[in-house]
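# Coordinates in review
Each chain is listed here by its residues.
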Amino acid sequence: MLIALSVALAVAATDQPLDRCLASIRATRQARRITAATWDAHTRNLVVDQRVLESLTGQPEFKLPIWDYVAVMADQERVNDGQQRLTALRQTFEKIEARFGVDRHVVAAVWGIESNFGRGQGSFAIIPSLATLACHGRRQAYFRGEFLAALRILQAGDFPAARFLGSWAGAFGQTQFMPGTFEWIAVDFDGDGRRDLIDNTGDALASAANYLKKAGWQSGVPWGLEVRLPAGLALPARGRRTLASLGTWQTRGLTRVDGTPLVQRDTPNALMAGLHLPAGRSGPAFLVTRNYEAIFRYNAAESYALAIAHLSDRLRGSGSFATPWPTDDPGLSRAERRELQRILIARGHSIGQADAMLTPATRVAIRAEQERLGHEVTGRPGQRLLTALRAP
Ligand code: CA
């Protein structure tokens, strides 16, 4: 109890007024290669961004089941969008693939999921957001580093300060890089001397490919395969991190989900892979290679990695997973979410626009309708609710 109290006091003591906090960061300016001119130009009149504080201290993010996340992230609309862009930017994708050895469909999937192909890069001003996070909350040391990196980026002039917008947590550009990642990994693909991940798509896509390459991407290897498990297979204790060769998995009785052998021309006997069961034994099963780990390192969330992997397959022309998710109430695409929202608006709920975003107001309206219909009240949009609301 006493220990808990002292920890709480320590946390409170580090939440200083912004001026004093910035002054202590300013003392490290020179060591971090930031000129006085840069500091003065970008930190004058900084104030705490209350929306960032609300995001930081607000309720934990509504956790969607993985099948909802995949349904919305790899929906038909995003597949169509991505295929159009792969065609329109064919030469760019070819050059990037040749230079970094990373499958263009995976690069396009990262682009589509991180920023909806550049359309949704975030509207928070990065410098005030990172100043707020550098002086409030649990990860101040990390965000101090990111704040200083953001100032160095403006100092280097890769893009105008007025364009330096992104997520409340400081990720920006078409590939949603953090400033520290940008400094280490971003690429000037078109050779104009600037690494412009915000307005230059070639720079952004090459930077995503460079990230995956540095995360261990192996050229010519798939991220994984959907597989069928034999009855009674003993599951490895460390999940997908217990690696064995495809040949070994094959002798244990695993096949591709269509029943054909694991080992084929593009998937040699010696290829190492781990067994990934994102929804447990009764959902889709995958053998994943180190390329899946590279995707996972882009944003360490299982649902994210699988959505990127799946979208990349769909961009290449493959269908959805063959094995259904273990639910009787599958998730909605963005088109279906908008339809659900239009019905909610027509029923008198004030939820703003039908934009497919799962805002708090949309969830309140969903809960009210679930209650009225006698459904389980979850605030989650699924096929069951949409079907019931479509009925006249
Ligand atoms: Ca450039």
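A brief report on the enclosed structure follows.

Right, let's talk about empty space enclosed by the protein for a bit. Using the criterion set out here, one finds 2 cavities of 30 Å³ or more in the structure. Its boundaries defined by the atoms lining it, the largest cavity holds a volume of some 40 Å³. Surrounding the largest cavity, Pro222, Gly224, Leu225, Leu246, Thr267, Leu271, Ala273, Leu287 and Thr289 form its lining. Looking at the lining of the largest cavity residue by residue, the class counts come to 6 nonpolar, 3 polar and no charged. Volume-wise, the second largest cavity comes out at about 30 Å³. Every residue lining the second largest cavity is listed: Arg337, Leu340, Gln341, Ala356, Met357, Leu358, Thr362 and Pro381. Looking at the lining of the second largest cavity element by element, the count peaks at 3 residues for helix α16 (residues 334-346). A per-class count over the lining of the second largest cavity returns 5 nonpolar, 2 polar and 1 charged.

Bringing the packing of aromatic side chains into the picture now. Tallying each qualifying case throughout the model produces 16 aromatic pairs. Arranged with centres 6.0 Å apart and planes meeting at 90°, the rings of Trp39 and Phe147 form a pair that is edge-to-face. Remark: Phe147 occurs in helix α10 (residues 140-156) and Trp39 occurs in helix α3 (residues 36-43); sequence separation between them is 108 residues. Taking relative accessible area as the criterion, Trp39 reaches 4% and is therefore assigned buried. What makes Phe147 buried here is its relative accessible area of 0%. For the pair Phe177 and Tyr211, a centre-to-centre distance of 5.9 Å together with 55° between the ring planes defines the contact as tilted. Here Tyr211 lies in helix α12 (residues 201-214) and Phe177 lies in the loop between β2 (165-166) and α11 (179-185), a separation of 34 residues in the sequence. Judged by its relative accessible area of 16%, Tyr211 falls in the buried class. An aromatic cluster is defined as three or more aromatic residues linked by ring pairs; in this entry it consists of Trp67, Trp223, Phe286, Tyr292, Phe321 and Trp325. Over the ring of Tyr142 we find Arg139; its NZ or CZ atom is 4.5 Å from the centre of that ring. A cation over an aromatic ring shows up here: Arg241 above the ring of Phe296, its NZ or CZ 5.5 Å from the ring centre.

What counts and how
Residues numbered from 1 in each chain as written. Predicted model: local features only at pLDDT ≥ 70, side-chain atom pairs only at ≥ 80, totals over all residues. Heavy atoms only, no water. 1 Å grid on protein atoms, 1.4 Å probe; cavity = no way out; pocket = protein on both sides within 12 Å on 5 of 7 lines; lining within 4 Å. Points joined across faces, edges and corners; volume = space filled by probe spheres on them. Nonpolar A, V, L, I, M, F, W, Y, C, P; charged D, E, K, R; others polar. Helix = DSSP H or I, 4+ residues; strand = E, 2+ residues; numbered from the N terminus. Phe/Tyr/Trp six-rings, centres within 6.5 Å; stacked < 30°, edge-to-face > 60°. Buried < 20%, exposed > 50% of the residue type's maximum accessible area, 1.4 Å probe, protein only. Lys NZ or Arg CZ within 6 Å of the ring centre and 35° of its normal.

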